[in-house]
Amino acid sequence: MNELLAARFEGDPLIEWMDLMQYGFWGEGHTSNFASPFADYLTAERTFVAMTERQLETWKKTPVAVNTQPDISHVGNRTVIDMAVRAGAWLRSDSIIIEEPIQIEELASRPPWLAAIMEDGYFRQYDVQKLTLDAAGINELENYMLHVLDLGANYWSLWTEADNLARYYQKYPRGFDRLGASIGYRLRPSWVWQRKRYGTSELIVCLSNRGVSGVPGVLWLQLESPDQKLKLRGALDAGQPYGGGLRQLPFCFPQITAAGSSCRPSLKFVPESSSRLPGPASNR
(Lines give C-alpha, C1' and ligand atoms only; values in the text may rest on other atoms or scores of the structure.)
Protein backbone atom coordinates (compact mmCIF):
# COMPACT_ATOMS: atom_id res chain seq x y z
CA MET A 1 0.00 0.00 0.00
CA ASN A 2 2.82 2.40 0.83
CA GLU A 3 4.49 1.73 -2.50
CA LEU A 4 1.23 2.33 -4.39
CA LEU A 5 0.59 5.57 -2.50
CA ALA A 6 4.16 6.74 -3.02
CA ALA A 7 3.99 5.99 -6.74
CA ARG A 8 1.09 8.43 -6.97
CA PHE A 9 1.77 11.05 -4.28
CA GLU A 10 5.50 11.03 -3.42
CA GLY A 11 6.80 14.58 -3.86
CA ASP A 12 3.38 15.97 -4.86
CA PRO A 13 3.36 19.62 -3.67
CA LEU A 14 -0.31 19.25 -2.64
CA ILE A 15 0.57 16.53 -0.10
CA GLU A 16 2.17 18.17 2.92
CA TRP A 17 2.81 14.99 4.91
CA MET A 18 2.04 11.29 5.06
CA ASP A 19 0.75 9.78 8.30
CA LEU A 20 2.97 6.99 9.61
CA MET A 21 0.90 3.81 9.82
CA GLN A 22 1.28 2.52 13.36
CA TYR A 23 -0.44 -0.07 15.54
CA GLY A 24 -4.11 -0.16 16.46
CA PHE A 25 -7.00 2.28 16.25
CA TRP A 26 -6.54 4.62 13.28
CA GLY A 27 -2.92 3.48 13.16
CA GLU A 28 -2.13 5.82 16.04
CA GLY A 29 -0.17 3.37 18.19
CA HIS A 30 -2.80 2.07 20.63
CA THR A 31 -5.96 0.00 21.11
CA SER A 32 -7.17 1.91 24.18
CA ASN A 33 -8.19 -0.58 26.90
CA PHE A 34 -8.08 -3.60 24.59
CA ALA A 35 -5.12 -5.95 24.92
CA SER A 36 -2.49 -6.32 22.22
CA PRO A 37 -3.07 -9.42 20.04
CA PHE A 38 0.67 -10.17 19.86
CA ALA A 39 2.09 -13.13 21.70
CA ASP A 40 4.77 -11.02 23.38
CA TYR A 41 6.29 -7.55 23.41
CA LEU A 42 9.35 -8.42 21.32
CA THR A 43 7.21 -9.80 18.48
CA ALA A 44 5.07 -6.68 18.47
CA GLU A 45 8.07 -4.34 18.54
CA ARG A 46 9.83 -6.27 15.77
CA THR A 47 6.69 -6.06 13.62
CA PHE A 48 6.26 -2.32 13.94
CA VAL A 49 9.95 -1.56 13.61
CA ALA A 50 9.86 -3.36 10.27
CA MET A 51 6.72 -1.45 9.22
CA THR A 52 8.34 1.84 10.22
CA GLU A 53 11.54 1.06 8.33
CA ARG A 54 9.58 0.30 5.19
CA GLN A 55 7.58 3.51 5.35
CA LEU A 56 10.64 5.67 6.02
CA GLU A 57 12.43 4.04 3.09
CA THR A 58 9.40 4.52 0.80
CA TRP A 59 8.77 8.22 1.41
CA LYS A 60 11.87 10.18 0.40
CA LYS A 61 10.42 13.61 -0.39
CA THR A 62 7.02 13.83 1.29
CA PRO A 63 7.44 14.08 5.09
CA VAL A 64 6.15 11.28 7.30
CA ALA A 65 4.41 12.26 10.57
CA VAL A 66 4.66 9.99 13.62
CA ASN A 67 2.12 10.00 16.44
CA THR A 68 3.59 10.59 19.91
CA GLN A 69 1.23 8.09 21.55
CA PRO A 70 2.88 6.48 24.64
CA ASP A 71 3.30 2.72 24.52
CA ILE A 72 0.15 1.84 26.48
CA SER A 73 -0.48 -1.21 24.26
CA HIS A 74 3.12 -2.48 24.58
CA VAL A 75 3.94 -2.68 20.88
CA GLY A 76 7.20 -0.72 20.66
CA ASN A 77 6.06 2.88 20.29
CA ARG A 78 9.15 4.30 21.98
CA THR A 79 11.39 2.61 19.44
CA VAL A 80 9.17 3.65 16.53
CA ILE A 81 9.11 7.33 17.61
CA ASP A 82 12.88 7.36 18.11
CA MET A 83 13.47 5.83 14.66
CA ALA A 84 11.08 8.23 12.96
CA VAL A 85 12.45 11.40 14.57
CA ARG A 86 16.03 10.42 13.78
CA ALA A 87 14.98 9.92 10.16
CA GLY A 88 13.47 13.42 10.01
CA ALA A 89 9.81 12.58 10.54
CA TRP A 90 7.42 15.25 11.77
CA LEU A 91 5.50 14.79 15.03
CA ARG A 92 1.79 14.84 15.57
CA SER A 93 -0.82 14.30 18.27
CA ASP A 94 -4.58 13.78 18.16
CA SER A 95 -5.18 15.85 21.29
CA ILE A 96 -3.83 19.08 22.68
CA ILE A 97 -5.09 18.77 26.27
CA ILE A 98 -5.44 15.15 27.40
CA GLU A 99 -1.99 14.04 26.23
CA GLU A 100 0.60 12.66 28.64
CA PRO A 101 3.33 15.00 29.93
CA ILE A 102 5.93 13.05 27.94
CA GLN A 103 4.08 13.84 24.71
CA ILE A 104 4.01 17.56 25.44
CA GLU A 105 7.74 17.39 26.18
CA GLU A 106 8.42 15.54 22.91
CA LEU A 107 6.38 18.00 20.87
CA ALA A 108 7.69 21.17 22.50
CA SER A 109 11.34 20.00 22.58
CA ARG A 110 11.44 18.47 19.09
CA PRO A 111 14.33 19.40 16.77
CA PRO A 112 13.50 22.84 15.35
CA TRP A 113 13.62 21.58 11.74
CA LEU A 114 10.68 19.21 12.36
CA ALA A 115 7.05 20.32 12.14
CA ALA A 116 4.35 19.51 14.72
CA ILE A 117 0.74 18.76 13.78
CA MET A 118 -1.94 19.13 16.46
CA GLU A 119 -5.63 18.38 16.64
CA ASP A 120 -8.41 18.02 19.18
CA GLY A 121 -10.81 15.11 19.34
CA TYR A 122 -13.29 16.44 21.89
CA PHE A 123 -14.56 19.60 20.21
CA ARG A 124 -13.70 18.90 16.57
CA GLN A 125 -17.31 19.58 15.52
CA TYR A 126 -16.89 23.27 16.47
CA ASP A 127 -20.45 23.26 17.85
CA VAL A 128 -20.82 26.62 19.61
CA GLN A 129 -23.78 25.33 21.64
CA LYS A 130 -21.59 22.74 23.38
CA LEU A 131 -18.81 25.10 24.46
CA THR A 132 -18.63 26.55 27.96
CA LEU A 133 -16.89 29.81 28.91
CA ASP A 134 -14.48 30.39 31.77
CA ALA A 135 -14.49 33.43 34.08
CA ALA A 136 -12.53 35.45 31.50
CA GLY A 137 -15.01 34.67 28.71
CA ILE A 138 -12.71 32.26 26.86
CA ASN A 139 -14.43 29.15 25.54
CA GLU A 140 -12.91 25.70 25.95
CA LEU A 141 -11.88 25.29 22.33
CA GLU A 142 -10.18 28.69 22.19
CA ASN A 143 -8.19 27.68 25.26
CA TYR A 144 -7.10 24.56 23.38
CA MET A 145 -6.05 26.63 20.36
CA LEU A 146 -3.79 28.84 22.45
CA HIS A 147 -1.96 25.73 23.69
CA VAL A 148 -1.00 25.06 20.06
CA LEU A 149 1.04 28.26 20.11
CA ASP A 150 2.61 27.25 23.43
CA LEU A 151 3.94 24.12 21.70
CA GLY A 152 5.28 26.09 18.74
CA ALA A 153 3.21 23.91 16.40
CA ASN A 154 2.93 24.24 12.62
CA TYR A 155 -0.59 22.93 12.00
CA TRP A 156 -3.97 22.87 13.74
CA SER A 157 -6.51 20.41 12.36
CA LEU A 158 -9.90 21.84 11.35
CA TRP A 159 -11.63 18.56 10.44
CA THR A 160 -14.56 18.74 7.99
CA GLU A 161 -17.51 20.57 9.59
CA ALA A 162 -17.31 23.62 7.32
CA ASP A 163 -20.65 25.17 8.32
CA ASN A 164 -19.83 24.79 12.02
CA LEU A 165 -16.41 26.34 11.43
CA ALA A 166 -18.05 29.38 9.84
CA ARG A 167 -20.50 29.75 12.72
CA TYR A 168 -17.75 29.30 15.27
CA TYR A 169 -15.55 31.93 13.67
CA GLN A 170 -18.43 34.38 13.45
CA LYS A 171 -19.04 34.07 17.20
CA TYR A 172 -15.47 33.44 18.44
CA PRO A 173 -12.98 34.88 15.93
CA ARG A 174 -10.16 35.56 18.40
CA GLY A 175 -8.71 32.04 18.55
CA PHE A 176 -8.40 31.62 14.78
CA ASP A 177 -7.09 35.15 14.40
CA ARG A 178 -4.29 34.45 16.87
CA LEU A 179 -3.41 31.20 15.16
CA GLY A 180 -3.49 32.90 11.78
CA ALA A 181 -0.98 35.49 12.96
CA SER A 182 1.54 33.21 14.67
CA ILE A 183 1.22 29.49 13.95
CA GLY A 184 4.01 27.87 11.96
CA TYR A 185 6.82 29.97 10.50
CA ARG A 186 6.44 33.55 9.21
CA LEU A 187 9.48 34.72 7.26
CA ARG A 188 10.49 38.10 5.92
CA PRO A 189 13.82 39.75 5.01
CA SER A 190 14.18 42.27 7.86
CA TRP A 191 17.58 43.77 6.93
CA VAL A 192 19.69 43.78 3.77
CA TRP A 193 23.26 45.11 3.96
CA GLN A 194 25.91 45.57 1.29
CA ARG A 195 29.57 45.90 2.17
CA LYS A 196 33.04 45.63 0.61
CA ARG A 197 34.88 42.39 1.34
CA TYR A 198 37.55 40.22 -0.29
CA GLY A 199 38.00 42.83 -3.01
CA THR A 200 34.37 42.62 -4.09
CA SER A 201 30.87 43.25 -2.77
CA GLU A 202 29.05 41.12 -0.25
CA LEU A 203 25.31 41.21 0.37
CA ILE A 204 23.95 40.05 3.73
CA VAL A 205 20.28 39.16 4.08
CA CYS A 206 18.85 38.93 7.61
CA LEU A 207 15.68 36.87 7.82
CA SER A 208 13.14 37.31 10.60
CA ASN A 209 10.73 34.60 11.70
CA ARG A 210 7.66 36.02 13.40
CA GLY A 211 6.07 32.59 13.76
CA VAL A 212 6.26 30.24 16.72
CA SER A 213 8.09 27.40 14.94
CA GLY A 214 11.26 26.90 12.97
CA VAL A 215 11.35 26.17 9.25
CA PRO A 216 10.49 22.46 8.77
CA GLY A 217 13.49 21.48 6.66
CA VAL A 218 16.09 23.61 4.90
CA LEU A 219 15.41 27.10 3.56
CA TRP A 220 17.16 28.05 0.31
CA LEU A 221 17.56 31.63 -0.91
CA GLN A 222 18.39 32.75 -4.40
CA LEU A 223 19.90 36.12 -5.32
CA GLU A 224 19.63 37.28 -8.91
CA SER A 225 20.33 40.39 -10.95
CA PRO A 226 17.55 42.02 -12.98
CA ASP A 227 19.18 40.89 -16.23
CA GLN A 228 19.43 37.28 -14.93
CA LYS A 229 23.17 37.21 -15.65
CA LEU A 230 24.08 36.79 -11.99
CA LYS A 231 22.49 34.10 -9.84
CA LEU A 232 23.71 33.08 -6.40
CA ARG A 233 22.12 30.45 -4.20
CA GLY A 234 22.63 29.42 -0.60
CA ALA A 235 20.96 27.58 2.28
CA LEU A 236 20.50 28.18 5.97
CA ASP A 237 21.05 25.52 8.62
CA ALA A 238 18.11 23.16 9.05
CA GLY A 239 15.24 24.81 10.93
CA GLN A 240 16.67 28.34 10.70
CA PRO A 241 15.49 30.91 11.44
CA TYR A 242 13.91 29.40 14.53
CA GLY A 243 10.56 30.61 15.86
CA GLY A 244 10.82 34.25 16.95
CA GLY A 245 14.43 34.43 15.79
CA LEU A 246 16.75 35.97 13.21
CA ARG A 247 19.30 34.42 10.86
CA GLN A 248 21.75 36.01 8.43
CA LEU A 249 22.98 34.67 5.09
CA PRO A 250 25.87 36.31 3.17
CA PHE A 251 26.25 36.35 -0.62
CA CYS A 252 29.75 37.15 -1.86
CA PHE A 253 29.70 38.48 -5.43
CA PRO A 254 32.19 37.36 -8.07
CA GLN A 255 34.92 39.89 -8.85
CA ILE A 256 33.29 40.92 -12.12
CA THR A 257 30.26 42.30 -10.30
CA ALA A 258 32.15 44.47 -7.85
CA ALA A 259 32.11 47.50 -10.14
CA GLY A 260 28.45 48.22 -9.64
CA SER A 261 26.22 45.51 -11.05
CA SER A 262 22.97 45.77 -9.09
CA CYS A 263 21.14 42.78 -7.63
CA ARG A 264 17.83 42.28 -5.94
CA PRO A 265 17.36 39.54 -3.30
CA SER A 266 14.43 37.16 -3.60
CA LEU A 267 13.37 34.29 -1.35
CA LYS A 268 12.97 30.96 -3.04
CA PHE A 269 12.01 27.64 -1.47
CA VAL A 270 13.74 24.70 -3.12
CA PRO A 271 12.92 21.10 -2.10
CA GLU A 272 15.78 18.91 -1.02
CA SER A 273 16.69 16.07 -3.37
CA SER A 274 17.11 13.85 -0.30
CA SER A 275 15.15 14.10 2.92
CA ARG A 276 17.77 12.31 4.98
CA LEU A 277 21.05 14.01 5.70
CA PRO A 278 23.62 12.57 8.10
CA GLY A 279 23.73 13.60 11.73
CA PRO A 280 21.52 16.23 13.36
CA ALA A 281 20.89 18.00 10.07
CA SER A 282 18.38 15.34 8.99
CA ASN A 283 15.42 17.15 7.49
CA ARG A 284 12.65 17.10 4.96
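Provided above is the structure to which this section pertains.
Residues numbered from 1 in each chain as written. Predicted model: local features only at pLDDT ≥ 70, side-chain atom pairs only at ≥ 80, totals over all residues. Heavy atoms only, no water.

**Focus on the pairing of strand β2 (residues 64-67)**
Burial along β2 is two-sided: V64 and V66 and A65 and N67, pointing in opposite directions, are all buried. Where strand β1 (residues 18-19) meets β2, two bridges bridge the pair, whose relative direction is parallel. Looking across to β2, one finds that D19 is bridged to A65. For the crossover that starts at β1, traverses helix α2 (residues 41-58) and ends in the parallel β2, the hand is right-handed. Taken together, the three bridges between β2 and strand β3 (residues 90-93) define a ladder with parallel strand orientation. (Buried < 20%, exposed > 50% of the residue type's maximum accessible area, 1.4 Å probe, protein only. Helix = DSSP H or I, 4+ residues; strand = E, 2+ residues; numbered from the N terminus. Pairing = 2+ DSSP bridges. Right-handed = clockwise from strand over helix to strand, strands pointing away.)

**Quick look at the nonpolar core**
Within the largest apolar cluster, 48 residues are counted, with the highest numbers of intra-cluster contacts made by L141, W156 and Y168. Those elements that place two or more of their residues in this core are α2, β2, α3 (77-86), β3, β4 (116-118), α5 (140-150), α6 (162-171) and α7 (173-182). Take this core: its biggest share by element is five residues, from α5. Apart from residues lying up to four places away in sequence, Y168 is in contact with Y126, V128, L131, N139, L141, E142, M145, P173 and F176. Grouped together as the second largest cluster of nonpolar side chains are 13 residues, V205, L207, L221 and F251 included. (Core = buried A, V, L, I, M, F, W, Y, C linked by side-chain atoms within 4.5 Å. Contact = heavy atoms within 4.5 Å.)

**What about α3?**
Buried within α3 are the following residues: N77, V80, I81, M83 and A84. Seen from one end, α3 has its buried residues packed into an arc of 165°, which puts them on one side. Away from the buried face of α3 by more than 90 degrees, exposed residues R78 and R86 are located. Those residues of α3 that are buried are in contact with α2, β2 and α4 (101-108). In the stretch just after α3, G88 is the one whose phi turns positive, near 95°. (Arc of directions from axis to C-beta.)

**Regarding the sheet that holds β4**
Strand order in the open sheet formed by five strands is β1-β2-β3-β4-β5, with parallel pairing between adjacent strands. The open sheet is flanked by β1 and β5 (155-156), the only strands paired with a single partner. In this sheet, β5 lies alongside β4 in parallel orientation, the contact comprising two bridges. Note that in β5 the partner of I117 across the bridge is Y155.

**Some words on the pairing of β3**
Burial along β3 is two-sided: W90 and R92 and L91 and S93, pointing in opposite directions, are all buried. Where the polypeptide runs from β2 across α3 and back to β3, its parallel neighbour, the crossover connection is right-handed. Where β3 and β4 come together, three bridges link them in parallel fashion. Following the sheet pairing, S93 is matched in β4 by M118. For the segment spanning β3, α4 and β4, crossover handedness is right-handed.

**Observations concerning the packing of aromatic side chains**
Taken as a whole and assessed by the stated rule, the structure comprises 15 aromatic pairs. On the numbers, 6.1 Å between centres and 80° between planes, the contact of F25 with F34 is edge-to-face. Relative accessible area serves as the criterion here: at 59%, F34 is assigned to the exposed category. The interplanar angle of 75° and the centroid separation of 5.7 Å between the aromatic rings of F38 and F48 together place this pair among those described as edge-to-face. Here F38 is found in the loop between β1 and α2, whereas its partner F48 is found in helix α2, with ten residues between them in sequence. Through a chain of ring-to-ring contacts, three or more aromatic side chains come together here, namely Y126, Y168, Y169, Y172 and F176. Positioned over the ring face of W220 is R233, at 4.0 Å from the centre of the ring. (Phe/Tyr/Trp six-rings, centres within 6.5 Å; stacked < 30°, edge-to-face > 60°. Lys NZ or Arg CZ within 6 Å of the ring centre and 35° of its normal.)

**Points about the environment of Y168**
Structurally, Y168 is set in helix α6. For Y168, a relative accessible area of 0% translates into the label buried. Along the sequence, Y168 and V128 sit 40 residues apart, while their C-alpha atoms lie 5.9 Å from each other.

**Details of the side chain of E224**
You can see E224 is positioned in strand β8 (residues 220-224). Engagement of the side chain of E224 in a polar contact is seen with the side chain of Q222, the distance being 3.4 Å. (Polar contact = N/O pair within 3.5 Å; in protein donor to acceptor, adjacent residues only side chain to side chain.)

Geometry only, nothing functional implied.
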